[in-house]
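Structure at a glance
Chain by chain, the residues:
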Amino acid sequence: MNTAQTLQQMQSLRLQGMFQAYQTQLDLPMNQQLEGHDMIAHLVQSEEQNRLNEKTAYYLKLAKLRLPATIEQIDCSPRRNLSKQQLALLSEGRYLQQGENVLITGATGCGKSHLACALGHQACLQGYKTTYLNMNRLIEKVTLSKLDGSYIKLLNHLERQTLIVLDDFGLTPMTQEIRLTLLQLLEDRYGKKSIIVTSQLPVSKWHEYINDPTLADAILDRMTANAHRIELKGDSMRRKKASENQ
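In short, a report on the structure. The shown structure was predicted, so the numbers you read here are calculated from the model rather than taken from an experiment.

The rules behind each value
Residues numbered from 1 in each chain as written. Predicted model: local features only at pLDDT ≥ 70, side-chain atom pairs only at ≥ 80, totals over all residues. Heavy atoms only, no water. Helix = DSSP H or I, 4+ residues; strand = E, 2+ residues; numbered from the N terminus. Rg over C-alpha atoms; globule rule 2.2 N^0.38 Å. Buried < 20%, exposed > 50% of the residue type's maximum accessible area, 1.4 Å probe, protein only. Contact = heavy atoms within 4.5 Å. Areas by Shrake-Rupley, 256 points an atom, 1.4 Å probe, with all protein chains shown as cover. Lys, Arg positive; Asp, Glu negative; His and termini not counted. Charge placed at Lys NZ, Arg CZ, Asp CG, Glu CD. Axes fitted to C-alpha atoms, helices over the stretch in contact; angles between N-to-C directions. Parallel < 35°, antiparallel > 145°, perpendicular 65-115°, else oblique. Left-handed = near helix turned anticlockwise from the far one by under 90°. Phe/Tyr/Trp six-rings, centres within 6.5 Å; stacked < 30°, edge-to-face > 60°. Lys NZ or Arg CZ within 6 Å of the ring centre and 35° of its normal. Patch = residues over 30% accessible without salt bridge, like charges linked within 9 Å, V, L, I, M, F, W, Y side chains within 5 Å. Salt bridge = Lys/Arg side-chain N within 4 Å of Asp/Glu carboxyl O.

The subject of this paragraph is the overall build of the chain. Within the chain, the secondary structure is distributed over twelve helices and five strands. Here the chain has a C-alpha radius of gyration of 23 Å; the compact-globule value for 246 residues is 18 Å, and the former is much larger. Oriented by its inertia axes, the alpha-carbon framework of the chain measures out at about 75 × 50 × 35 Å. Within the chain, the fraction of its 246 residues that count as buried is 46%. At a minimum sequence separation of 6, the contacts of the chain that also span at least 24 residues come to 80%. Summed over all atoms, the accessible surface of the chain reaches about 14100 Å², with 51% contributed by carbon and sulfur. Put simply, the chain has 29 plus and 25 minus side-chain charges, and the middle of one group is 4 Å from the middle of the other.

Spelled out as structure tokens, the structure:
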């Protein structure tokens, strides 16, 4: 079998990583091409990396993160009340393995969503299914699913996500329907899977925001237990960026 046939077989078997690596090797001078076991190992590693890249791209597409943020872009400083140690700990992903939540609070524009999306991006890189929702989007999904009979399907879909990023918690009034949905969501995930919540309201105000003493107790008990809390500070990043562009 000649090299052209081998390349064709790799493509027919959808071994794209192997195909590209082998094609690259064939383009090299003969004395620089790998041989025997080294060649096989190189092709297998290339295929594995390609599949990992495709999986990551697929997870990022499904996550629909609001911002294209990465961990490397996060500014850590005492001024922002965010240390490199805190970020590094979360970047490792151990909170995902242990089903712990992350609560990010701070004034508007201080970078809460940017940090949450960066952590969501990191989770996708680590092979975890992730979904981004803001409160308006969650309310919309719940309302529509109740109307078309797909509510249980929605809950099952969200339950399968290792990480849910819930943005803008506290901006939209909660109905009883949303309170019950949020409680069910947290109950399904408690101790097993994680949720990142961002809010302009401090955690101490969340009970008042939920506006139902019994459900608020149940929701906050599941949301805040063993949670990582980050209270971002500093000036609005949006205003800073706008002034830099002027």
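Turning our attention to the packing of helix H2 (residues 16-26) against helix H3 (residues 36-63). Their axes nearest at 7 Å, the elements H2 and H3 cross at an angle of 135 degrees. Classified by the interaxial angle, the pair formed by H2 and H3 is oblique. Every pair of crossing elements has a handedness; the one defined by H2 and H3 is right-handed. Residues Gln16, Gly17, Met18, Gln20, Ala21, Tyr22 and Gln25 of H2 lie in contact with H3, whose contacting residues are Met39, His42, Leu43, Val44, Ser46, Glu47 and Asn50.

Unlike most non-glycine residues, Lys64 shows phi in positive territory, near 55 degrees. Residue placement: Lys64 occurs in the loop between H3 and helix H4 (84-91). Positive phi, close to 60 degrees, is recorded for Asn81, a residue that is not glycine.

We now examine the packing of aromatic side chains. Here the structure, examined in full by the defined rule, presents three aromatic pairs. Ring geometry for Phe169 versus Tyr209: centroids 5.1 Å apart, planes at 80 degrees, classification edge-to-face. Here the residue Phe169 occupies a position in the loop between strand E3 (163-167) and helix H9 (176-189), and Tyr209 occupies one in helix H10 (residues 206-210), the gap between them amounting to 40 residues. Take Tyr209: its relative accessible area is 12%, and that puts it in the buried class. One aromatic cluster in this structure is built from Phe169, Trp206 and Tyr209. Stacked on the ring of Tyr151, the Lys or Arg Lys146 has its end atom at 4.0 Å from the ring centre.

As a further point, take a positive patch on the surface. On the surface, Lys55, Lys129, Lys153 and Arg160 cluster together to form a positively charged patch. In this structure, Lys55 sits in helix H3.

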